[in-house]
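Chain and residue survey
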Amino acid sequence: NAFSVPAADTYGSAPRTIAYRTPGFSNIDLTLGKRFRIRESDAVEFRLEAFNALNGVAFGVPNASFGGTAFGQINSYAGGFSARQLQIALRYDF
């Protein structure tokens, strides 16, 4: 067993600080755009942008309370990552 209570009056074999592994996260942003010329100096640009296009989830760190029923389980999300967002833009250049 990787985690167990050491025998009485002995030291355990685990280091004082353990670096917990968390699931990986990949984020893909996409942009599609098309520029239409109206006249020589005028143009209209249409853009569609998708942030976190595949809607990936960033999980938090595993529970480190040894001996508890939730030990090693991931019950949270990592902060700072948002769900999929779509943005549409129309721009007129003159």
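This write-up is about the structure you can find in this document. Model, not experiment: these values are computed from the prediction.

The helix and strand inventory of the protein chain stands at 0 helices and 3 strands. Going from the N terminus to the C terminus, the protein chain shows its helices and strands as β-β-β. Expected size for 94 residues packed as a compact globule is a radius of gyration near 12 Å; at 25 Å, the protein chain overshoots this value by more than 25%. If you line up the protein chain on its principal axes, its C-alpha atoms span 85 × 20 × 15 Å. Residue burial in the protein chain is summarised as follows: out of 94 residues, 14% are buried. Considering only contacts in the protein chain between residues 6 or more positions apart, those separated by 24 or more positions represent 54%. When the 9 basic and 7 acidic side-chain charges of the protein chain are each reduced to a single mean position, those positions are 3 Å apart.

Quick look at the sheet that holds strand 2 (residues 43-51) now. Reading across the sheet, the 3 strands line up as 1-2-3 and stay open at both edges, with antiparallel pairing between neighbours. Only two strands of the sheet have a single neighbouring strand rather than two, namely strand 1 (30-37) and strand 3 (85-93). On average, each strand axis in the sheet is inclined to that of its neighbour by 10 degrees, with strand direction left out of account. Pairing of strand 1 with strand 2 involves 8 bridges; the strand directions are antiparallel. Paired with R37 across the two strands is A43, which belongs to strand 2.

Okay, the pattern of salt bridges next. As enumerated under the stated definition, the model contains 5 salt bridges in all. Residues D93 and R35 are paired through a salt bridge, measuring 3.0 Å at the closest nitrogen-oxygen approach. Placement of D93 in strand 3 and of R35 in strand 1 is noted, with a sequence separation of 58 residues between them. Look at R35 and you get partly exposed, because its relative accessible area is 41%. Linking E49 and R47 is a salt bridge whose minimum nitrogen-to-oxygen distance equals 2.7 Å. For R47, a relative accessible area of 30% translates into the label partly exposed. Shared partners join several salt bridges into a network, and the residues in it are R35, R91 and D93.

What follows concerns the pairing of strand 2. Pairing between strand 2 and strand 3: 9 bridges, direction antiparallel. Bridge pairing in strand 3 places A50 opposite L86.

Rules used throughout
Residues numbered from 1 in each chain as written. Predicted model: local features only at pLDDT ≥ 70, side-chain atom pairs only at ≥ 80, totals over all residues. Heavy atoms only, no water. Helix = DSSP H or I, 4+ residues; strand = E, 2+ residues; numbered from the N terminus. Rg over C-alpha atoms; globule rule 2.2 N^0.38 Å. Buried < 20%, exposed > 50% of the residue type's maximum accessible area, 1.4 Å probe, protein only. Contact = heavy atoms within 4.5 Å. Lys, Arg positive; Asp, Glu negative; His and termini not counted. Charge placed at Lys NZ, Arg CZ, Asp CG, Glu CD. Pairing = 2+ DSSP bridges. Axes fitted to C-alpha atoms, helices over the stretch in contact; angles between N-to-C directions. Salt bridge = Lys/Arg side-chain N within 4 Å of Asp/Glu carboxyl O.

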